[in-house]
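Below are the chains, spelled out letter by letter.
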Amino acid sequence: MADTGLTAGLARLAAQGPAVPPGHPALDAATRAFIDTIGVALAGWCEPPVGLLAESLVEGGEARSLLGGRRLAARDAALLNGMAGHVLDYDDVAVHGHPSVVLVPAILAEAQRLGRSGGDALRAYALGYEAWAELGRRESGSYHLGAWHPTAMLGTVAATVAAAALNRLDAETATHAIAMAASFAGGLIANFGSPAKPLQAGRAAASAIEAVSLARAGLTGSPTALESPHGFLRAISPGGAVDVDGPLRLAAKADDLRLLSEGLSVKRYPVCYASHRAIDGVIDLAIQERLRPEDVARITVALGRAPAATLRFPHPETSTQARFSLNHNVAAALTDRAVGFAQLSDDYIHRPEIAALYALTETELVDDECPEQPGLARFDRVRIETRDGGRLDSGPIRYPRGHARLPLCDADLDAKFLDCARHGQVAEGPALLERLRALETLADLSELVA
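Thresholds applied
- Residues numbered from 1 in each chain as written.
- Predicted model: local features only at pLDDT ≥ 70, side-chain atom pairs only at ≥ 80, totals over all residues.
- Heavy atoms only, no water.
- UniProt positions renumbered as here; feature names shortened; annotations may be inferred.
- Salt bridge = Lys/Arg side-chain N within 4 Å of Asp/Glu carboxyl O.
- Helix = DSSP H or I, 4+ residues; strand = E, 2+ residues; numbered from the N terminus.
- Buried < 20%, exposed > 50% of the residue type's maximum accessible area, 1.4 Å probe, protein only.
- Expected span 1.5 Å × (residues − 1).
- Arc of directions from axis to C-beta.
- Contact = heavy atoms within 4.5 Å.
- Pairing = 2+ DSSP bridges.
- Axes fitted to C-alpha atoms, helices over the stretch in contact; angles between N-to-C directions.
- Core = buried A, V, L, I, M, F, W, Y, C linked by side-chain atoms within 4.5 Å.
- Disulfide = S-S within 2.5 Å.
- Phe/Tyr/Trp six-rings, centres within 6.5 Å; stacked < 30°, edge-to-face > 60°.
- Lys NZ or Arg CZ within 6 Å of the ring centre and 35° of its normal.
- Parallel < 35°, antiparallel > 145°, perpendicular 65-115°, else oblique.
- Nonpolar A, V, L, I, M, F, W, Y, C, P; charged D, E, K, R; others polar.

As annotated in an unreviewed UniProt entry, the chain carries the name MmgE/PrpD family protein and is attributed to Novosphingobium anseongense. In its Sequence similarities (unreviewed entry) section, the UniProt entry covering the chain states "Belongs to the PrpD family."

K.L.:
Talk me through the pattern of salt bridges; I want residue IDs and the actual numbers.
P.N.:
When the charged atoms of two side chains with opposite charge come close together, those side chains can pair. Enumeration according to the criterion identifies 28 salt bridges in this entry. Linking Asp120 and Arg168 is a salt bridge whose minimum nitrogen-to-oxygen distance equals 3.6 Å. One end of the pair, Asp120, is in helix 6 (residues 118-137); the other, Arg168, is in the loop between helix 7 (150-167) and helix 8 (171-184), with 48 residues separating them in the sequence. Overall, Asp120 belongs to the partly exposed group, its relative accessible area being 30%. On the accessibility criterion, Arg168 (56% relative accessible area) is exposed.

K.L.:
Lay out helix 18 (residues 410-423) with the relevant residues and their values.
P.N.:
Between the first and last C-alpha of helix 18 there are 20 Å, a value that for 14 residues agrees with the 20 Å anticipated at 1.5 Å per step. For helix 18, the complete set of buried residues consists of Leu413, Lys416, Phe417, Cys420 and Ala421. One side of helix 18 holds all its buried residues, which, seen down the axis, span an arc of 135 degrees. Exposed residues on helix 18 whose side chains face more than 90 degrees from its buried face are Ala411 and Arg422. Buried residues along helix 18 sit in contact with helix 2 (25-44) and helix 19 (429-437). Looking at the residues trailing helix 18, positive phi occurs at Gln425, about 60 degrees.

K.L.:
Which residues make up the sheet that holds strand 4 (residues 361-366), and what values go with them?
P.N.:
Within the open sheet, the 4 strands sit side by side as 4-3-5-6. Their pairing is mixed. On the outer flanks of this sheet lie strand 4 and strand 6 (391-393), each paired with one strand and no other. Taking the axes of each pair of neighbouring strands and ignoring which way they run, one obtains an average angle of 20 degrees across the sheet. With 6 bridges joining them, strand 3 (residues 296-304) and strand 5 (residues 381-386) adopt antiparallel strand pairing. Pairing of Arg298 across the sheet is with Glu385, part of strand 5.

K.L.:
Go over the UniProt feature "domain: MmgE/PrpD N-terminal" (unreviewed entry) in the chain with me, naming the residues and quoting the values.
P.N.:
Residues annotated in UniProt with the feature "domain: MmgE/PrpD N-terminal" (unreviewed entry) correspond here to residues 19-241. Between the C-alpha atoms that bound residues 19-241 there is a distance of 34 Å. The span itself is 61% helix and 2% strand.

K.L.:
Describe the pairing of strand 5, listing the residues and the values that go with them.
P.N.:
Alternating positions in strand 5 separate cleanly, Val382, Ile384 and Thr386 being buried on one face and Arg381, Arg383 and Glu385 remaining unburied on the opposite face. Relative to strand 6, strand 5 runs antiparallel, the two sharing 3 bridges. Residue pairing for strand 6: Ile384 is matched across the bridge by Leu392. Hairpin connection of strand 5 to strand 6: 4 residues between the antiparallel strands, including Gly389 at a positive phi of 95 degrees.

K.L.:
Go over helix 6 with me, naming the residues and quoting the values.
P.N.:
Counted at 1.5 Å a residue, the expected span for helix 6 with its 20 residues is 28 Å, and the 29 Å between its end C-alpha atoms agrees. Counting buried positions along helix 6 gives 17 out of 20 residues, so the element sits mostly inside the fold.

K.L.:
How would you sum up the nonpolar core? Please name residues and give values.
P.N.:
Core analysis: the largest hydrophobic core is formed by 115 residues, its most contacted members being Leu10, Phe34, Ile38, Tyr125 and Phe232. Beyond its immediate chain neighbours, meaning those up to four positions away, Ile38 contacts Leu66, Val104, Phe417, Leu432, Leu436 and Leu448. One finds Ala286, Ala331, Ala333 and Tyr358 within the second-largest nonpolar core, a separate group that totals 38 residues.

K.L.:
Could you give an account of the state of the cysteines, naming the residues involved and the relevant values?
P.N.:
Inspection of the entire model under this criterion finds 0 disulfides. The cysteine Cys46 is free of any disulfide, with Cys420 supplying the nearest cysteine sulfur at 11 Å.

K.L.:
So, the packing of aromatic side chains: which residues are in play, and what are the values?
P.N.:
Tallied over the entire structure, the rule returns 3 aromatic pairs. An angle of 40 degrees between the planes, with centres 5.5 Å apart, marks the rings of Phe192 and Phe324 as tilted. With Phe192 in the loop between helix 8 and helix 9 (196-217) and Phe324 in the loop between helix 14 (319-322) and helix 15 (326-336), this pair connects stretches of sequence that are 132 residues apart. Each member of the pair, Phe192 as well as Phe324, carries the same accessibility label: buried. Stacked on the ring of Phe192, the Lys or Arg Lys197 has its end atom at 4.6 Å from the ring centre.

K.L.:
Tell me about the environment of Trp45, and please be specific about residues and values.
P.N.:
Here Trp45 lies in the loop between helix 2 and helix 3 (48-56). Along the sequence, Trp45 and Ala421 sit 376 residues apart, while their C-alpha atoms lie 9.6 Å from each other. Those residues within four positions of Trp45 in sequence are excluded, and the remaining contacts are Val50, Ser65, Leu66, Leu67, Leu80, Asn81 and Ala84.

K.L.:
Residue-level account of unusual backbone geometry, with values.
P.N.:
Phi is positive for Arg290, which is not a glycine, with a value near 55 degrees. Within the secondary structure, Arg290 is located in the loop between helix 12 (276-289) and strand 3. One non-glycine residue, Arg337, lies in the positive phi region at around 55 degrees. Assignment of secondary structure puts Arg337 in the loop between helix 15 and helix 16 (346-349).

K.L.:
Explain the packing of helix 2 against helix 6 residue by residue, including any values.
P.N.:
Contact pair helix 2 / helix 6: the axes reach a minimum separation of 9 Å and the direction vectors enclose 95 degrees. Accordingly, the angle class assigned to the pair helix 2 and helix 6 is roughly perpendicular. Facing helix 2, whose interface residues are Leu27, Ala30, Thr31, Ala33 and Phe34, helix 6 presents Ala121, Leu122, Arg123 and Tyr125. Here the contact of helix 2 with helix 6 is composed, by residue class, of 7 nonpolar, 1 polar and 1 charged.

What follows is the structure, encoded as structure tokens:
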């Protein structure tokens, strides 16, 4: 078996990755990821597509779902919690996609099945993120200008690394698990704006558990499945500008983990991340200038080509489409100085005075790409023309609020979690948040969802 190359390198990461000592900052960062992801999953439980999926799943004995304590097979618990975590598009962002909404459901389910500790789960998250970052950095283009859904594609492989670490697989077995995960990965950008998009995230988490299970049973795959000329990274690269031969940059010790150096961007708004910088700009200008919707003649948003292509519903008909509508999010930000659950209800979307504002927003494409945020422009910008001839300018916006370089404080993260729990009608939100804050100390992750 080949022992060099990307596939083997990620397998060694799973089997022999760096130890992460108790209290290490990487565990703190992973804890924040669990808090945010589980919070948005609780909020998502009320959404009809999640209920439809739940009805289709049979009982099992390996892991409990987050809400209701329903016992399922581990892969089904990961599928359901993953869909719930992504259905509102409120989960965190990094490296071409949404790492935590795949990693956390897979780890939460598999750690329950195996009886692993909270510390084991947090270390598995850090290793899964490291694998995701290594895969993502090799693509020089923007996945969102292609067809494959990067969260579903990269997430299946990265979550397999995390699940392999939890299962304590040796490097050879982990290599086969990763190879099968590469074949299981799937998801289309064409499904954005529909319930199939969050289903793709849940399926990635479930596929990771299945890949590890099959490798443990003895099934094998190609030892170069990721880097082969006919392999995973070449298959999903939108323009073929992918590095499959370059040296690995995987962390050798805990202090070098990319979870610390690159971090996670936590969303302030439950909509596609591509519109967050514009929302910040509109809210700030509206507050500073005391703007009313009737004062505005035109709003121009300068943004990158990939975000503009992703925000593809100028006149949304549903809340799911509104999450991928720059026009709607700008209208809500201008009207309410907020884009939250209230501004994404069907009643709000169908208000005539909101729909009438959609035509005010125009886009201006920017080709200067951001080196830190793949697919985004280096800066977004909002310019507003008022009916009395005024011209307002947000100036360049590099980081939206909640970005890894402009992070939420713990109090704001807790407030988001509790708001999500209330939206999901979860009365136990404060108690669950307390357990999550102490996640590293749990002897068995099953205690979290007991």
